[in-house]
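# Chains, contacts and geometry: an overview
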Amino acid sequence: MKTVKRIIALVVLCSMVLLPVSAARGADGTGVPPEIQQKFLEDGGTVDYVDVTCMGPGYNGTYRHGRKKIQVQKGAPEDVLPHEYGHYIYHSTILRWDAEHRGYLTALHEFFKNDPRFSSENETFAVIYSWSCTGATGGEMREMVEYAEDLLLNTVK
Ligand SMILES: [Zn+2]
């Protein structure tokens with residue numbers, strides 16, 4: 001496990017330091033790939049821009065999986081919408097992840113655990129997903145994101 005952690009640490013460093021400018025993917029300015037947004041709509045998902053989210057002041061975005069409902073506070077930072085899409089993808093696919101990718105997410109959560117944004121594997125995935133959409137990931141983090149997206153879109157057999 002120590003070796004795995006070292007590899008993960010190295011990959012994270014490389015992703016953040018060496019590959020900071022890999023292209024953002026969405027064409028509409030949100031960074032979220034259009035096929036993911038389309039799938040969300042087909043699943044009955046909604047995105048609402050609100051003055052105050054259902055979680056109250058201090059929460060500039062929320063996602064409720066039961067209702068497939070994203071709320072984004074008006075004027076929220078650009079990574080908030082992709083973060084909430086990350087929760088949608090996580091909840092919709094996590095039970096189907098293979099052991100390799102589950103292990104990778106676990107190791108990333110462990111690696112970032114002192115940062116309060118990474119309070120769970122769910123939050124860890126959402127943060128990394130938002131990075132991938134705003135152009136700040138590469139390497140294995142990007143691969144994990146694309147794996148989960150493929151599962152969502154049913155292209156992994
Ligand atoms: Zn979150």
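Please refer to the structure higher up on the page.
Residues numbered from 1 in each chain as written. Predicted model: local features only at pLDDT ≥ 70, side-chain atom pairs only at ≥ 80, totals over all residues. Heavy atoms only, no water.

## Observations regarding the overall build of the protein
As a reminder of what qualifies: Each helix is a run of DSSP H or I of at least 4 residues and each strand a run of E of at least 2, with the numbering of both proceeding from the N terminus. Accessible area is worked out with a 1.4 Å probe on protein chains only. A residue is then buried under 20% of its type maximum, exposed over 50%, and partly exposed in between.
When you go through the protein residue by residue, the secondary structure sums to six helices and three strands. Counting helices and strands in the order they occur from the N terminus, the protein gives α-α-β-β-β-α-α-α-α. Taking all 157 residues of the protein together, the buried fraction comes to 45%.

## Thoughts on the nonpolar core
Rule in force here: Definition used in this section: a nonpolar core is a set of buried Ala, Val, Leu, Ile, Met, Phe, Trp, Tyr and Cys residues joined via side-chain atoms within 4.5 Å. Should any heavy atoms of two residues lie within 4.5 Å, those residues are considered in contact.
Residues Tyr-85, Ile-89, Trp-97, Phe-125, Tyr-129 and Met-144 are the most contacted members of the largest nonpolar core, which totals 32 residues. Of all elements in the fold, only α2 (34-42), β3 (69-73), α3 (80-93), α4 (99-111), α5 (121-134) and α6 (139-152) reach the threshold of two or more residues within this core. Take this core: its biggest share by element is seven residues, from α6. For Tyr-85, the residues in contact, after removing those within four places along its chain, are Val-32, Ile-36, Gln-37, Phe-40, Val-47, Ile-70 and Tyr-129.

## Remarks on the packing of α4 against α6
Operational definition: Here an axis means a line fitted to C-alpha atoms, over the contact stretch when the element is a helix, while the angle between two N-to-C directions is reported on a 0 to 180 degree scale. The labels follow the angle: roughly parallel below 35 degrees, roughly antiparallel above 145, roughly perpendicular from 65 to 115, and oblique for the rest. Crossing chirality is assigned from the near helix's rotation relative to the far helix, an anticlockwise turn below a right angle marking it left-handed and a clockwise turn marking it right-handed. Gly counts as polar in this scheme, as do all residues outside two lists: the nonpolar Ala, Val, Leu, Ile, Met, Phe, Trp, Tyr, Cys and Pro, and the charged Asp, Glu, Lys and Arg.
Close contact between α4 and α6 brings their axes to 11 Å; oriented N to C, the two are set at 130 degrees. Considering their axes alone, α4 and α6 lie oblique with respect to each other. In the crossing of α4 with α6, the sense of the turn from one axis to the other is left-handed. On the side of α4, the interface is formed by His-101, Tyr-104, Leu-105 and Leu-108, while α6 contributes Glu-140, Met-141, Glu-143, Met-144 and Tyr-147. Class assignment of the residues belonging to the contact of α4 with α6 gives a composition of six nonpolar, one polar and two charged.

## Details of the coordination of the zinc ion
Around a metal, the idealised angle for a tetrahedral arrangement of four donor atoms is 109.5 degrees; for an octahedral arrangement of six donor atoms it is 90 or 180 degrees. To keep things clear, this is the line we draw: Sodium, potassium and calcium take a 3.2 Å donor cutoff, other metals 2.8 Å, and in both cases only N, O and S atoms count; water is not among them, so sites may look incomplete. Just to be clear on the cut-offs, tetrahedral is four donors with all angles between 85 and 135 degrees, square planar is four donors and octahedral six with opposite donors over 155 degrees apart and all others between 65 and 115, and anything else goes down as irregular.
Protein ligation of the zinc ion involves His-83 (NE2), His-87 (NE2), Glu-123 (OE) and Glu-123 (OE), the donor distances falling in the range 2.0 to 2.6 Å. Each of the four donor atoms around the zinc ion contributes to a set of angles spanning 53 to 146 degrees, which defines the coordination as irregular.

## Observations regarding the sheet that holds strand β1 (residues 46-50)
Where we set the bar: For two strands to count as paired, DSSP must find a minimum of two bridges between them.
With mixed pairing, the three strands of this open sheet are ordered in space as β1-β3-β2. Two strands in the sheet have a free side with no partner beyond their single neighbour: β1 and β2 (61-64). Between one strand axis and the next, the sheet turns through 15 degrees on average, direction left out of account. As defined by bridge partners, β2 adjoins β3 across four bridges and the pair is classed as antiparallel. Directly across from Gly-61, in β3, lies its bridge partner Val-72. Here α3 sits on the sheet and contacts β1, β2 and β3; the angle it forms with β2, its principal contact strand, is near 20 degrees.

## Some remarks on the packing of aromatic side chains
Our working rule: Only Phe, Tyr and Trp rings are paired, with Trp represented by its six-membered ring, and only when their centres lie within 6.5 Å; those with planes under 30 degrees apart are stacked, over 60 edge-to-face, the remainder tilted.
This structure, assessed with the given rule, holds 11 aromatic pairs. Ring centres of Tyr-63 and Tyr-88 lie 6.3 Å apart, and the angle between their planes is 70 degrees; this geometry places the pair in the edge-to-face category. With Tyr-63 in strand β2 and Tyr-88 in helix α3, this pair connects stretches of sequence that are 25 residues apart. Every member of this aromatic cluster is reached through a ring pair, and the members are Tyr-90, Trp-97, Phe-125, Tyr-129 and Tyr-147.

## Observations regarding the pattern of salt bridges
Note the cut-off: By convention in these notes, a salt bridge is any Lys or Arg side-chain nitrogen within 4 Å of a carboxyl oxygen on Asp or Glu.
In this structure the tally under the stated criterion is five salt bridges. One salt bridge in this structure joins Lys-39 and Asp-43, with 3.6 Å as the shortest N-O distance. With relative accessibility at 19%, the residue Lys-39 sits in the buried group. Taking relative accessible area as the criterion, Asp-43 reaches 29% and is therefore assigned partly exposed. Among the ionic pairs, Arg-117 bridges to Asp-115, the shortest N-O distance being 2.9 Å. By relative accessible area, which is 45% here, Arg-117 ends up partly exposed. Given a relative accessible area of 23%, Asp-115 falls into the partly exposed group.

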